[in-house]
Amino acid sequence: MFDKLVNFVKKNTSKEEGNGSDNNSNNAVVEKISKLASLKFKIFFFGGLGVFLLLFLLIVATLMAIDVIDIGEDDDNYNLLSYDSVNNFSYWWPVGSMETKSINGVLYASDTPPELSISSYTGNRVINGQAGTHKGIDISAGGRIGYYNVIASFDGVVYYAYNGCEDNGSYGNSCGGGFGNHVVILHNNNVYTIYGHMASNSVKVKTGDTVKQGQVIGKIGNSGSSTGAHLHFQIDIGGYNNSMAINPLTYVDPDNPRPKTSDNKLLSMIKKFEGTGTIKDGNYLVYDDGYGNLTVGIGILISAHKDMFTTRGIDPDKLTVGSSVPVSTADAIAIEIINSYKTSVINEARSHGIDLFDYQIDALTSFRYNVGNNNCFFQHYSEYGLSEKMHTDCFSKYSMANGTYLSALARRREAEWKLLIDGIYPS
Ligand SMILES: [Zn+2]
């Protein structure tokens, strides 16, 4: 928070310099007088401006400190899921929850996915007496057709979508090239994900569509060469071609996504640095943040996030100093807030054309949560990459204030740097 303020002040005070442009008088006295007058005017004008600017900055900084102004927050709409990344897998398990949420006309899975088992793994197998190689994994739907949601495992563009098969799968059925109703999504770095055998008329996307991670693209079914309701999920790397298929379990994990509040590494990291309010019997006690604002957990400003309490069955207007809020509830709210920061980091990385691992997004989210922006990182990335120069200019620099090394901040910056470089979360 302090760091946030320092940066903001630094950034905004280095703007007004160098607008000298007078002395065109030919009379020395007049010149002197006019210089004097202009000097007085300058002192008056720029002095006044300075005071005004300082006051303005102070107000802005205060508002930022109490979380009334969110700087650099954009497109919160994409922050929709309580899905967390587990084991740093950034591709999601392709089966979504039954619960969905429509945002800007796009349907997303929004809650805990059902626990469906893997009925067939990648590799050699024999079906109906014929040996073959299975290029993906099969996720069984327990006989239910058109029931479970299939979601985009990661952001991408629909490379191909087919929706013309019926729910009459059988071995060797060539509808949809054997994949039945299926969708192929092209992601970054020439990675393709394939979702096969979906239910009749359930495919919700078409070739060329842009899709978001978590977006519902269809329902599990039994179309094409399929002998029961299941999703065939395949990942091809380097091109859309069976010879490029890899074991998808090196990319996705059945535990991801699932809401796992207690396992949220980023929340733990931020908790470690921000601290929390008092915990009593599994509850956080509401406290005053020193500015007269009711606060809970990792410093959640209740007045700024009322809706998040309401949707979880807590009336925010009834909370006072000493009120109890279950740790799990406050942490879930914290994750929602952190995720909105995470989203802005992801969007910013995208806008710079930068691909980052999930743990790197976490590192930058922690940084942004504390500093208020990631400007330094993104400005330097294309030039320096993750070099020593990046470390010096954008991480250790933010541990200094007026030449003084602030040890708590230094530890924080070092932890963020370690995470960014090596994927090591602070323990
Ligand atoms: Zn399969």
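Remember, it's a predicted structure, so these values are computed and weren't measured experimentally.

Visitor: Looking at this structure, how should I read the environment of Val327?
Guide: Mapped onto the elements, Val327 comes out in helix α5 (residues 327-351). What makes Val327 buried here is the crowd of 20 C-beta atoms within 10 Å. For Val327, the residues in contact, after removing those within four places along its chain, are Ile279, Gly282, Asn283 and Tyr284.

Visitor: Got a minute to help me understand the pairing of strand β8 (residues 156-162) in this structure?
Guide: Both faces of the sheet carry side chains from a regular strand, because those side chains alternate between them. Examined bridge by bridge, β8 and strand β11 (residues 210-211) share two bridges and lie antiparallel to one another. Opposite Val157, over in β11, you have Thr210 as the bridge partner. Examined bridge by bridge, β8 and strand β9 (residues 181-186) share five bridges and lie antiparallel to one another. Across the sheet, the residue bridging to Val157 is Leu186, located in β9.

Visitor: Just to check I follow, could you spell out helix α6 (residues 358-371) for this structure?
Guide: It helps to recall that an α-helix has 3.6 residues per turn; residues three or four apart then point in one direction. Helix length check: α6 (14 residues) gives 20 Å between terminal C-alpha atoms against 20 Å at 1.5 Å per residue, within 8%. In terms of residue burial, α6 counts as a mostly covered element, since 13 of its 14 residues are buried. Trailing α6 by a residue or two, Gly372 shows a phi angle of about 105°, which is positive.

Visitor: Any chance you could explain the sheet that holds strand β16 (residues 283-285) here in plain terms?
Guide: Whether parallel or antiparallel, the strands of a sheet pair through hydrogen bonds between backbone atoms. Here three strands make up an open sheet; going across it, the order is β15-β16-β20 and the pairing antiparallel. Unpaired on one side and paired on the other, β15 (279-280) and β20 (324-326) mark the two borders of the sheet. When β16 meets β20, the two strands line up antiparallel, connected through three bridges. Residue Tyr284 lies in a different strand from β20, and its bridge partner there is Val325. On top of the sheet, α5 reaches β15, β16 and β20; it is set at about 70° to β20, its chief contact.

Visitor: Explain the environment of Ile279 to me, please; I cannot follow it from the model alone.
Guide: Along the polypeptide, Ile279 turns up in strand β15. When the 13 C-beta atoms within 10 Å are taken as the criterion, Ile279 is described as partly exposed. The contacts of Ile279, once residues within four sequence positions are left out, are Tyr284 and Val327.

Visitor: Even after reading the chapter, I still don't get the packing of α6 against helix α9 (residues 407-422), so can you show me in this structure?
Guide: How two helices sit against one another is set out by the angle between their axes and by the gap between those axes. Their axes nearest at 8 Å, the elements α6 and α9 cross at an angle of 160°. By the criterion of interaxial angle, the relationship of α6 to α9 is roughly antiparallel. Crossing hand, α6 versus α9: left-handed. Facing α6, whose interface residues are Tyr359, Gln360, Asp362, Ala363, Ser366, Phe367 and Asn370, α9 presents Arg412, Glu416, Leu419 and Leu420.

Visitor: Would you take a moment to explain the environment of Phe179 for this structure?
Guide: On the secondary structure map, Phe179 appears in the loop between β8 and β9. For the pair Phe179 and Gly169, spaced 10 residues apart in the sequence, the C-alpha separation amounts to 9.6 Å. Ignoring any residue separated from it by four or fewer positions in sequence, one finds Phe179 in contact with Ile194, Gly196, His197, Gly224 and His232.

Visitor: What's the story with the packing of helix α3 (residues 265-274) against α5 in this structure? I'm lost.
Guide: At their nearest, the axes of α3 and α5 sit 10 Å apart, and the two run at 100° to each other. One element, α3, and the other, α5, form an angle in the roughly perpendicular class. Counted together, Leu266, Leu267 and Ile270 of α3 and Asp331, Ala334, Ile335 and Ile338 of α5 form the full contact between these two elements. The residue makeup of the contact of α3 with α5, split by class, is six nonpolar, no polar and one charged.

Visitor: Would you mind showing me how to read the confidence of the model for the protein here?
Guide: For any part of a model where pLDDT is low, the fine detail of the predicted coordinates should not be relied upon. Within the protein, residue pLDDT values average 80, and 76% of them lie at 70 or more. When the criterion is pLDDT under 50, residues 1-34 qualifies, and its contacts beyond four places in sequence or with other chains add up to 25 contacts. Counting contacts from residues 84-88, a segment whose pLDDT is below 50, to residues more than four positions away or on other chains yields 18 contacts.

Thresholds, definitions, all that
Residues numbered from 1 in each chain as written. Predicted model: local features only at pLDDT ≥ 70, side-chain atom pairs only at ≥ 80, totals over all residues. Helix = DSSP H or I, 4+ residues; strand = E, 2+ residues; numbered from the N terminus. Buried ≥ 20, exposed ≤ 12 C-beta atoms within 10 Å, placed from the backbone. Contact = placed C-beta atoms within 7 Å. Pairing = 2+ DSSP bridges. Expected span 1.5 Å × (residues − 1). Axes fitted to C-alpha atoms, helices over the stretch in contact; angles between N-to-C directions. Parallel < 35°, antiparallel > 145°, perpendicular 65-115°, else oblique. Left-handed = near helix turned anticlockwise from the far one by under 90°. Nonpolar A, V, L, I, M, F, W, Y, C, P; charged D, E, K, R; others polar. pLDDT = per-residue confidence, 0-100.

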